[in-house]
Amino acid sequence: MATKKKRTPNAQNDSWVVIAADSAIDTQKHDIDPAFVRLRNPSTDAASLYMLNSGDVQLFEVKAFEEDFHSWFIGQTVQRDGRLLFVTPMDPLYLMLPYLIKSGKEGKFQPVDQVVMDEEFPACSRLLSCTRSLASLHHIAEEKEVGSLKFHRYSQEKTMNWLKKKVERTVVALKKRNISVGEGVKSTTYIRVKSEADCPEEDYLRYAHGLISEYISEDLSKALLKHLQLPELTSPKETEPPSKPPKKMTAAQKSLAKVDKTGMKTMSSFFSPKVKAEKK
């Protein structure tokens with residue numbers, strides 16, 4: 001009698017399926033491999049996954065597309081983690097901003113390497129190695145030079161102007177790619193129901209503001225809305241459910257509708273309980 005072979009369980013591997021730009025995985029200039037790191041999310045204040053390319057030159061955000069009951073075949077193995085990761089470039093200033101805001105409450109200029117520090121996320125110090133970090137820091141902070149040293153202090157005014165430019169550039173990109181926004185889009189299907197000319201500029205600004213708000217705190221988002229001179233939308237009141245659309249009538253129902261029903265009882269009247277007559 002043939003004995004059944006026991007199937008050995010597949011060992012969990014660490015392979016992921018990633019869609020990324022060449023700049024994210026290029027190792028020609030530096031010998032260090034790209035690395036996934038967990039950093040503090042500037043919007044939620046919780047841990048999120050990011051990626052630093054070779055030499056920590058550029059920061060990338062990592063978005064996961066996940067479906068139930070999904071896996072990948074990689075070579076001769078099955079990867080149980082069926083997520084699809086999208087790696088896209090991200091401005092490191094977004095992640096540095098919360099640290100500058102926190103230190104700015106002290107009101108003094110400080111070296112940036114003493115500002116961008118986090119015991120929970122020690123990898124945050126690697127953000128200072130990104131090319132855009134120190135070169136762009138003047139967009140969100142005031143600078144002072146003492147000899148060869150630079151000191152920074154958070155500036156709300158500079159930050160609002162920087163975020164406003166981000167919103168305006170996003171609006172340009174939305175229009176260039178012909179992406180519909182506002183009431184001209186059915187949210188469930190993203191189908192255009194209005195021409196681009198019918199979409200007011202405010203709709204584009206609000207949409208772009210919403211995209212940028214995914215990378216900043218709620219307080220900054222509200223301040224930016226005010227800086228853009230856009231009134232804050234109040235939450236819509238609960239409305240009555242929409243009335244049901246009229247049902248299509250069959251030919252028999254149409255014929256019955258034309259009949260004179262004077263003196264006729266309804267079908268439900270035959271099944272309703274009889275009312276007892278009161279005794280006199």
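Fair warning: this is a prediction, and the values are worked out from it, not measured in the lab.

A. Quick look at the overall build of the chain. Counting its secondary structure elements, the chain contains 7 helices and 11 strands. Classification of the 280 residues of the chain by burial places 30% in the buried group. Sequence-distant contacts in the chain: of pairs separated by 6 or more residues, those separated by 24 or more amount to 57%. With the model as given, the accessible surface of the chain reaches about 21300 Å², and the carbon-plus-sulfur share is 54%.

B. Just the pattern of salt bridges, in detail. Throughout the structure, instances matching the rule amount to 12 salt bridges. With a shortest N-O distance of 3.0 Å, K166 and D91 are connected by a salt bridge. In this pair, K166 is assigned in helix 4 (residues 156–176) and D91 in the loop between strand 7 (84–89) and helix 2 (93–104), connecting sequence segments 75 residues apart. On the basis of relative accessible area, K166 is assigned to the buried category, the value being 15%.

C. Representation of the packing of helix 4 against helix 5 (residues 201–212) in the model. Packing of helix 4 against helix 5 leaves a shortest axis separation of 9 Å and a crossing angle of 115 degrees. Along this stretch, helix 4 crosses helix 5, giving a crossing that reads as right-handed. Where helix 4 approaches helix 5, its residues L163, K166, V167, T170, V171, L174 and K175 are matched on the opposing element by E201, Y204, L205, Y207, A208, H209, L211 and I212. Here the residues of the contact of helix 4 with helix 5 are counted per class, giving 10 nonpolar, 2 polar and 3 charged.

D. Spotlight on the layout of surface pockets. Size it by volume and the largest pocket reaches roughly 880 Å³. Forming the boundary of the largest pocket are 25 residues, of which Y94, K166, R169, T170 and I212 lie nearest the centre. Counting only elements with at least two residues in the lining of the largest pocket, the list comes to strand 7, helix 2, helix 3 (131–136), helix 4 and helix 5. Element by element, the count of residues in the lining of the largest pocket is highest for helix 4, at 9 residues. Tallied by class, residues from the lining of the largest pocket come to 11 nonpolar, 5 polar and 9 charged.

E. Representation of the confidence of the model for the chain. When the pLDDT values of the chain are averaged, the result is 78; 66% of them are 70 or greater. Segment residues 184–194: pLDDT under 50, and 14 contacts once partners within four positions in sequence are set aside and those in other chains are kept. For the stretch residues 236–244, pLDDT sits under 50, and the model shows 0 contacts to residues farther than four places along the chain or on other chains.

F. Highlighting the packing of aromatic side chains. In this structure the tally under the stated criterion is 2 aromatic pairs. By the ring-pair criterion, three or more aromatic residues cluster together here, those being Y94, W162 and Y215. Of note, K175 hangs over the ring of Y204, and the distance from its end group to the ring centre comes to 5.2 Å.

The rules behind each value
- Residues numbered from 1 in each chain as written.
- Predicted model: local features only at pLDDT ≥ 70, side-chain atom pairs only at ≥ 80, totals over all residues.
- Heavy atoms only, no water.
- Helix = DSSP H or I, 4+ residues; strand = E, 2+ residues; numbered from the N terminus.
- Buried < 20%, exposed > 50% of the residue type's maximum accessible area, 1.4 Å probe, protein only.
- Contact = heavy atoms within 4.5 Å.
- Areas by Shrake-Rupley, 256 points an atom, 1.4 Å probe, with all protein chains shown as cover.
- Salt bridge = Lys/Arg side-chain N within 4 Å of Asp/Glu carboxyl O.
- Axes fitted to C-alpha atoms, helices over the stretch in contact; angles between N-to-C directions.
- Left-handed = near helix turned anticlockwise from the far one by under 90°.
- Nonpolar A, V, L, I, M, F, W, Y, C, P; charged D, E, K, R; others polar.
- 1 Å grid on protein atoms, 1.4 Å probe; cavity = no way out; pocket = protein on both sides within 12 Å on 5 of 7 lines; lining within 4 Å.
- Points joined across faces, edges and corners; volume = space filled by probe spheres on them.
- pLDDT = per-residue confidence, 0-100.
- Phe/Tyr/Trp six-rings, centres within 6.5 Å; stacked < 30°, edge-to-face > 60°.
- Lys NZ or Arg CZ within 6 Å of the ring centre and 35° of its normal.

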